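# Observations on the three-dimensional arrangement
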Amino acid sequence: MALENHSSETVVLTGMLVGGAVLDPAGREGLASLTAAVAQRGTVSRSYDQIYDQLDSLGASLSMGAGDYVVSFHAKCLGRHWPAVAELVADLLRRPSFPPEELQRARGEILTRLREFDQSTRMVAARELAHLVYPEGHPLRHPAHGYRATVEAMTREDLAACHRLLFRPDALIVSLVGDLEASAALDRVSEMLGDWSAPGEPLPTPGLAAHHPPEAQRAVFALADKSQADIALGFKGIPRRHPDFYALDQATEIVGGLGLMGRLGDNVRDRQGLAYYAFARMAEGLGEDLWSVSAGVNPANVERAVTSILDEIRRLQDEPVAEEELADCQNYLVGVLPLHLETNDGLASTLNDVELFGLGEDYIERYPNLVRAVTREAVQRAAQAHLTAERYSLAIAGPPGP
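Residues numbered from 1 in each chain as written. Predicted model: local features only at pLDDT ≥ 70, side-chain atom pairs only at ≥ 80, totals over all residues. Heavy atoms only, no water.

### Description of the overall build of the chain
Counting secondary structure elements, the chain contains 15 helices and ten strands. Compactness check: the chain gives a C-alpha radius of gyration of 23 Å against a globular reference of 21 Å for 402 residues, within 12% of the reference. With the C-alpha coordinates of the chain rotated into their principal frame, the extents come out at 60 × 50 × 40 Å. Taking all 402 residues of the chain together, the buried fraction comes to 54%. Within the chain, counting contacts between residues at least 6 apart in sequence, those at least 24 apart form 83% of the total. Split by element, the accessible area of the chain, about 18000 Å² in all, is 51% carbon and sulfur. (Helix = DSSP H or I, 4+ residues; strand = E, 2+ residues; numbered from the N terminus. Rg over C-alpha atoms; globule rule 2.2 N^0.38 Å. Buried < 20%, exposed > 50% of the residue type's maximum accessible area, 1.4 Å probe, protein only. Contact = heavy atoms within 4.5 Å. Areas by Shrake-Rupley, 256 points an atom, 1.4 Å probe, with all protein chains shown as cover.)

Here you go:
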């Protein structure tokens, strides 16, 4: 996809290869992430220094990473330089050399990050919530960066195998936005990638469905030398294409997003003083990703904070949201999209999401009506259908108890 925006002198080239951490093999959790990290550090014909000397000479930036569902890349440069940057990106995608010394550097960076996560009550609670919600072997159970033990075990051969599986033209989505001529840009990209052949085997399709637990479950994790506890309470969510997506999204905003984090911020943090922060989040994905509430609290207030969070979830289920709340929510969601689309980055990422989730070419035009079609009753029904104050999962990370 290509879109002209001559009000800017820059071009954003961004894209994704569908199939990310959800396709990590058992025992190699984090493989897509490490593969993406090393793939941008050398090709068959370019060393690490040559790649970044070229980018510096063009005043361009480039990054690559992996999430649950995609390996993504992002480059930004002046309009006159985009063909050179695109040639470089194509080389990185198709012919990475995975230099052994760069593998060690990238591995070290990820391991450092994972050690930092292990000392963060907030990150530990979030990681362990996924462990509670998704059973062993589920593709959404592990963090995209993997675990220290699995990252330490990965070999260059593992990365090469991951590249053969995920880096393929039939899984590629590319968007260019900015100071370019759209049709000529598409022709040029086709020339760069036209001889890239897809593997004979189709991309695997992981099972992404999940189930609520039969009853509420919780786990507590003690971290020494901490003064704050972090709560992560959640459920399996719904896919981006689910018919209830817009209603549950607005329920999420009302309970823990709008303003200073919705009802949770107003009640749990401000009125009761039980939390330093509290918010709700619904992940957007191809599968049944997490719906969660996160809160940082004084360890003495954990149980009261959990009770108050559950009360707010029950309130969503037991009574329709106020007309004013829904209007504020819809005005915010409709109003924030044009702001996002003001930049080349925002336009390009939106185009990629439209393609990834199959939202339709007229999605941007339809979006306001999709949002405003949601009623108070629909928000309540979505909360009743997909959230439950009785079958939640709860992870708590904080200082050891008395």
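Alright, that's what it looks like, and here's the rest.
### A closer look at the pairing of strand β4 (residues 70–78)
Pairing of strand β2 (residues 10–18) with β4 involves nine bridges; the strand directions are antiparallel. From the neighbouring strand, Val-18 faces β4, where its bridge partner is Val-70. Here strand β3 (residues 61–66) runs beside β4; their pairing, made up of six bridges, is antiparallel. Residue pairing in the sheet places Leu-62 in a bridge with Ala-75 of β4. (Pairing = 2+ DSSP bridges.)

### Here we look at the packing of aromatic side chains
Here the structure, examined in full by the defined rule, presents five aromatic pairs. Across the ring face of Tyr-277, the terminal group of Arg-122 is positioned such that the distance to the ring centre comes to 4.5 Å. Over the ring of Phe-245 we find Arg-240; its NZ or CZ atom is 4.0 Å from the centre of that ring. (Phe/Tyr/Trp six-rings, centres within 6.5 Å; stacked < 30°, edge-to-face > 60°. Lys NZ or Arg CZ within 6 Å of the ring centre and 35° of its normal.)

### What about the pattern of salt bridges?
Under the definition given, this model contains 25 salt bridges. A salt bridge links Lys-236 to Glu-288, with the nearest nitrogen and oxygen atoms 3.5 Å apart. Of this pair, Lys-236 sits in strand β7 (residues 229–236) while Glu-288 is found in the loop between β8 (277–282) and β9 (290–297), placing the two residues 52 residues apart along the sequence. We note that Lys-236, like Glu-288, is buried. (Salt bridge = Lys/Arg side-chain N within 4 Å of Asp/Glu carboxyl O.)

### As for the nonpolar core
Core analysis: the biggest nonpolar cluster contains 133 residues, and Trp-82, Leu-233 and Trp-291 have the highest contact counts within it. Look past the residues within four positions of Leu-233 in its chain and what remains in contact with it is Leu-129, Trp-291, Ser-292, Val-293, Val-306, Ile-309, Leu-310, Ile-313, Tyr-392, Ser-393 and Leu-394. (Core = buried A, V, L, I, M, F, W, Y, C linked by side-chain atoms within 4.5 Å.)

### Topic: the side chain of Asp-24
With respect to the helices and strands, the residue Asp-24 is situated in the loop between β2 and α1 (31–39). Although Asp-24 lies buried, it forms no salt bridge, and the closest oppositely charged side chain, Arg-28, sits 9.8 Å away as judged by the N-O distance. At 2.8 Å, the side chain of Asp-24 forms a polar contact with the backbone nitrogen of Gly-30. In contact with Asp-24, other than residues within four places in its own chain, are Glu-29, Gly-30, Leu-31, Ala-32, His-142 and Ala-144. (Lys, Arg positive; Asp, Glu negative; His and termini not counted. Polar contact = N/O pair within 3.5 Å; in protein donor to acceptor, adjacent residues only side chain to side chain.)

### Let's talk about the sheet that holds strand β1 (residues 2–4)
Spatial ordering of the open sheet is given by β1-β5-β2-β4-β3, a layout of five strands whose pairing is mixed. Every other strand in the sheet has two partners, leaving β1 and β3 as the edge strands with one partner each. The average angle at which neighbouring strand axes cross in this sheet is 10 degrees, direction not considered. Sitting on the sheet, helix α8 (residues 182–193) is in contact with β1 and β5 (172–178), with an inclination near 150 degrees to β1. (Axes fitted to C-alpha atoms, helices over the stretch in contact; angles between N-to-C directions.)

### Here we look at the sheet that holds β8
If you walk across this open sheet you meet the five strands as β6-β10-β7-β9-β8, and the pairing is mixed. Strands with a single pairing partner mark the edges of an open sheet, and in this sheet they are β6 (217–222) and β8. Averaged over all pairs of adjacent strands, the angle between strand axes in this sheet comes to 15 degrees, irrespective of strand direction. The pairing of β7 with strand β10 (residues 393–398) spans five bridges and is antiparallel. Bridging across to β10, Asp-230 finds its partner in Ala-397. Each of β6, β7, β9 and β10 touches helix α11 (residues 302–318); the most contacted strand, β7, lies at about 30 degrees to it.

### Section: unusual backbone geometry
A positive phi angle is found at Phe-98, which is not glycine, with a value near 45 degrees. A positive phi angle is found at Asp-225, which is not glycine, with a value near 65 degrees. Mapped onto the secondary structure, Asp-225 falls in the loop between β6 and β7. Given a relative accessible area of 80%, Asp-225 falls into the exposed group.

### Focus on a negative patch on the surface
Together, Glu-4, Glu-87, Glu-181, Asp-187 and Glu-191 make up a negatively charged patch on the protein surface. Within the secondary structure, Glu-181 sits in the loop between β5 and α8. By relative accessible area, which is 42% here, Glu-181 ends up partly exposed. (Patch = residues over 30% accessible without salt bridge, like charges linked within 9 Å, V, L, I, M, F, W, Y side chains within 5 Å. Charge placed at Lys NZ, Arg CZ, Asp CG, Glu CD.)

### Observations concerning helix α10 (residues 258–271)
For α10, which comprises 14 residues, the first-to-last C-alpha distance of 16 Å sits more than 12% below the rise-based estimate of 20 Å (1.5 Å per residue). A bend of about 85 degrees at Gly-265 is the largest found in α10. With its phi angle positive at about 65 degrees, Gly-273 sits one or two positions after the end of α10. (Expected span 1.5 Å × (residues − 1). Bend = angle between axes of the 7 residues up to and from the residue.)

### Here we look at the pairing of β10
Burial within β10 is extensive, with six of its six residues counted as buried. The side-chain alternation of β10 yields two buried faces, one formed by Ser-393, Ala-395 and Ala-397 and the other by Leu-394, Ile-396 and Gly-398.

### Details of helix α4 (residues 100–118)
The terminal C-alpha atoms of α4, which comprises 19 residues, lie 27 Å apart, in line with the 27 Å expected from a rise of 1.5 Å per residue. At its buried positions, α4 is contacted by α1, α2 (48–58), α6 (148–153) and α7 (156–166).

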